[in-house]
Amino acid sequence: MSDRYAGKPFLKLLESYVLDAIGHLDPMADAALRAMEPQYRTMFGATGSWREIVVNRMQFPAGMQGAIREMWQAGRVRFVQANGREPDPMEFTRVFIDSKFPH
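Residues numbered from 1 in each chain as written. Predicted model: local features only at pLDDT ≥ 70, side-chain atom pairs only at ≥ 80, totals over all residues. Heavy atoms only, no water.

Colleague: Talk me through the overall build of the protein chain; I want residue IDs and the actual numbers.
Modeller: In terms of helices and strands, the protein chain carries six helices and zero strands. Reading the helices (α) and strands (β) of the protein chain from amino to carboxyl end gives α-α-α-α-α-α. Overall, the C-alpha framework of the protein chain stretches about 45 × 35 × 25 Å when taken along its three principal axes. Scored against the burial criterion, the 103 residues of the protein chain give a buried share of 31%. Restricting to contacts in the protein chain with at least 6 residues of sequence separation, those with at least 24 account for 64%. Summed over all atoms, the accessible surface of the protein chain reaches about 6400 Å², with 55% contributed by carbon and sulfur. Of the side-chain charges in the protein chain, 13 are positive and 12 negative, and the distance between the mean point of each set is 3 Å. (Helix = DSSP H or I, 4+ residues; strand = E, 2+ residues; numbered from the N terminus. Buried < 20%, exposed > 50% of the residue type's maximum accessible area, 1.4 Å probe, protein only. Contact = heavy atoms within 4.5 Å. Areas by Shrake-Rupley, 256 points an atom, 1.4 Å probe, with all protein chains shown as cover. Lys, Arg positive; Asp, Glu negative; His and termini not counted. Charge placed at Lys NZ, Arg CZ, Asp CG, Glu CD.)

Structural data, given as structure tokens:
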């Protein structure tokens, strides 16, 4: 299995942003991301929090997290009806990013 993040340091931040939007970002992961903000600012030549870095770099419009959350919630209902189980938040995140923001 290849490392999804090899040579793509921003991808982890983007995935964390989507997980946060759908309410599935682990609090410990959030704390680790916040602790890394000074390095992210240097790495990406940006300012602000890790979330602001993602928004600015991706040029997301206001309300993007809400739009992602709405897609998750609508898709979750359909997924449960079709499969009889809850969807995997990480799988949603990977598919969402790979289809909307090819990298």
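Colleague: Describe the side chain of Ser16, naming the residues involved and giving the relevant values.
Modeller: For Ser16, the position within the fold is in helix α1 (residues 9-21). Dropping the residues within four chain positions of it, Ser16 is found in contact with Leu25, Leu33 and Trp50.

Colleague: Break down the packing of helix α5 (residues 64-83) against helix α6 (residues 89-100) for me, with residues and values.
Modeller: Two elements in contact, α5 and α6, have axes whose closest approach is 12 Å; the angle formed by their N-to-C orientations is 120°. If you check the angle between α5 and α6, you find them oblique. Our pair here, α5 against α6, has a crossing hand that is right-handed. Of the residues in α6, those touching α5 at Ile68, Met71 and Trp72 are Pro89, Phe92, Phe96 and Lys100. Of the residues in the contact of α5 with α6, the class split is six nonpolar, no polar and one charged. (Axes fitted to C-alpha atoms, helices over the stretch in contact; angles between N-to-C directions. Parallel < 35°, antiparallel > 145°, perpendicular 65-115°, else oblique. Left-handed = near helix turned anticlockwise from the far one by under 90°. Nonpolar A, V, L, I, M, F, W, Y, C, P; charged D, E, K, R; others polar.)

Colleague: Which residues make up the nonpolar core, and what are the values?
Modeller: If you look at the biggest cluster of nonpolar residues, it comprises 24 residues, and the most contacted ones within it are Leu13, Trp50, Val54 and Ile68. Residue assignment for this core shows that the elements contributing at least two residues are α1, α3 (37-44), α4 (50-58), α5 and α6. Residue contributions to this core peak at eight residues, all from α1. In this structure Trp50 touches Leu13, Ser16, Tyr17, Asp20, Leu25, Asp30, Leu33, Arg34, Glu37 and Tyr40, once residues within four positions along its chain are discounted. (Core = buried A, V, L, I, M, F, W, Y, C linked by side-chain atoms within 4.5 Å.)

Colleague: So what's going on with α3? Residues and values would help.
Modeller: Those residues of α3 not exposed but buried are Glu37, Tyr40 and Phe44. Seen end-on, α3 carries its buried residues on one side only, within an arc spanning 55°. Looking at the buried side of α3, the elements it contacts are α1, α2 (27-35) and α4. Positioned one or two residues after α3, Gly45 has a phi angle of 60°, which is positive. (Arc of directions from axis to C-beta.)

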